[in-house]
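Observations on chain architecture
Listed below are the residues making up each chain.
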Amino acid sequence: MPAGHAIAAVCFDWDGTLCDSGAASLRAFRKSLAEFGVAFTDAEYRSVYTPRWYRMYEAFRLPESCWPKADQQWLHHYREEEPGLVPGVSAVLDWLRHREMRLGIVTNGTRGRVERELARFGLQAAFQAVVCCEDVIEKKPHPEGLENAFALLGCSREAGCYVGDTPEDIHMGRNAGTFTVGILNEYVDESRLSESGPNLLLKAISELPGALGC
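Since the model is a prediction, treat every value here as computed from it, not as a measurement.

For the rest of this paragraph, the subject is helix 4 (residues 67-78). When the terminal C-alpha atoms of helix 4 are compared, their 16 Å separation across 12 residues agrees well with the 16 Å that a helix rising 1.5 Å per residue should span. Of all the positions in helix 4, only W67, A70, Q73, W74, H77 and Y78 are classed as buried. End-on view of helix 4: buried residues confined to an arc of 130°, all on one side of the axis. Its buried side turned inward, helix 4 meets helix 1 (22-34), helix 3 (53-59) and helix 6 (111-121).

Remember that side chains alternate between the two faces of the sheet whenever the strand is regular. Here strand 5 (residues 179-183) lies mainly inside the structure; 5 of its 5 residues are buried. Judged from the 4 bridges that link them, strand 4 (residues 160-164) and strand 5 form a sheet pairing that is parallel. Looking across to strand 5, one finds that Y162 is bridged to T180. Each parallel crossover has a hand, and the one from strand 4 via helix 8 (residues 167-175) to strand 5 is right-handed. Pairing between strand 5 and strand 6 (residues 200-202): 3 bridges, direction parallel. Counted as the bridge partner of V181 is L200 from strand 6. Handedness of the crossover joining strand 5 and strand 6 through helix 9 (residues 190-195) is recorded here as right-handed.

Let us now look at the environment of V136. With respect to the secondary-structure elements, V136 resides in the loop between strand 3 (129-131) and helix 7 (144-153). When its relative accessible area of 14% is taken as the criterion, V136 is described as buried. Sequence separation of V136 and V92 is 44 residues, and the distance between their C-alpha atoms is 27 Å.

In this structure, V10, F12, F29, F127 and L208 are the most contacted members of the largest nonpolar core, which totals 52 residues. If one sorts the elements of this core by residue count, helix 1 sits on top with 5 residues. Leave out the neighbours within four places in its chain, and L208 touches F12, V92, L96, V163, V181 and L202. Within the second largest apolar cluster, 16 residues are counted, among which are A129, V131, L153 and A176.

What follows deals with helix 7. Within helix 7, the full set of buried residues consists of E144, G145, L146, A149, F150 and L153. Structurally, helix 7 contributes buried residues whose contacts are with strand 1 (9-12), strand 2 (102-106), strand 3, strand 4 and helix 8. Trailing helix 7 by a residue or two, G154 shows a phi angle of about 65°, which is positive.

Right, let's get into the side chain of E144. The residue E144 is located in helix 7 in this model. Buried and without a salt bridge, E144 has K139 as its closest oppositely charged side chain, separated by 7.7 Å.

A cis geometry characterises the amide bond from K140 onward to P141, with omega recorded as 10°. Following the sequence through the fold, P141 ends up in the loop between strand 3 and helix 7. A positive phi angle, close to 60°, is found at E100, a residue other than glycine. The topology assignment puts E100 in the loop between helix 5 (89-98) and strand 2.

At a closest axis distance of 8 Å, the pairing of helix 1 and helix 4 adopts a crossing angle of 135°. Accordingly, the angle class assigned to the pair helix 1 and helix 4 is oblique. For the pair helix 1 and helix 4, the sense of crossing is right-handed. Packed against helix 1, whose contacting residues are A24, S25, A28, F29, K31 and S32, the element helix 4 presents A70, Q73, W74, H77 and Y78 at the interface. For the contact of helix 1 with helix 4, the class distribution of residues is 6 nonpolar, 4 polar and 1 charged.

The rules behind the values
- Residues numbered from 1 in each chain as written.
- Predicted model: local features only at pLDDT ≥ 70, side-chain atom pairs only at ≥ 80, totals over all residues.
- Heavy atoms only, no water.
- Helix = DSSP H or I, 4+ residues; strand = E, 2+ residues; numbered from the N terminus.
- Expected span 1.5 Å × (residues − 1).
- Buried < 20%, exposed > 50% of the residue type's maximum accessible area, 1.4 Å probe, protein only.
- Arc of directions from axis to C-beta.
- Contact = heavy atoms within 4.5 Å.
- Pairing = 2+ DSSP bridges.
- Right-handed = clockwise from strand over helix to strand, strands pointing away.
- Core = buried A, V, L, I, M, F, W, Y, C linked by side-chain atoms within 4.5 Å.
- Lys, Arg positive; Asp, Glu negative; His and termini not counted.
- Salt bridge = Lys/Arg side-chain N within 4 Å of Asp/Glu carboxyl O.
- Axes fitted to C-alpha atoms, helices over the stretch in contact; angles between N-to-C directions.
- Parallel < 35°, antiparallel > 145°, perpendicular 65-115°, else oblique.
- Left-handed = near helix turned anticlockwise from the far one by under 90°.
- Nonpolar A, V, L, I, M, F, W, Y, C, P; charged D, E, K, R; others polar.

So yeah, pure geometry; function would need other evidence.
This is how it looks when you write it as structure tokens:
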């Protein structure tokens, strides 16, 4: 917990942090790139994973002219999936709301998809701020999205916190000058997340309330 400051608002990444979309995203990514003759192992995926697809396309040497079509195909294949919430998320959100925390989401995901998933989980009213890729000019790790969310929540960066599962999440939080929490998962190498320098690194999101001292 940040010394000298009580947490008043918690913002979360969506994919992989709250929504258990890691396996679904991997399957959709593998299917979409296979259509361009690109194959990769799970280990290669973990070593380069980023919510910024274009950087992954570069890592897998997909020609830039194919990127828009690859995006379309990923969305097509992902629509066939129905990922659930990460285990423990419902209890964590209930805990935080019971303590009158203001909650937000900052994601590189598209608003249409994220809102559909929020509706499916019955979480439309759980978050007072939802910032998606269409809402910003600069994507993660630029702090624009998180700064916008804190403004919507009426919260200073000192009283806020950002929770994510990728190095880009942690870098965004650090760039915004706020307290950052990294959550480990099987789709991002632990060393990469640790090296990004979160204030806290947790094995599971269920540990969050205790770690924040809520």
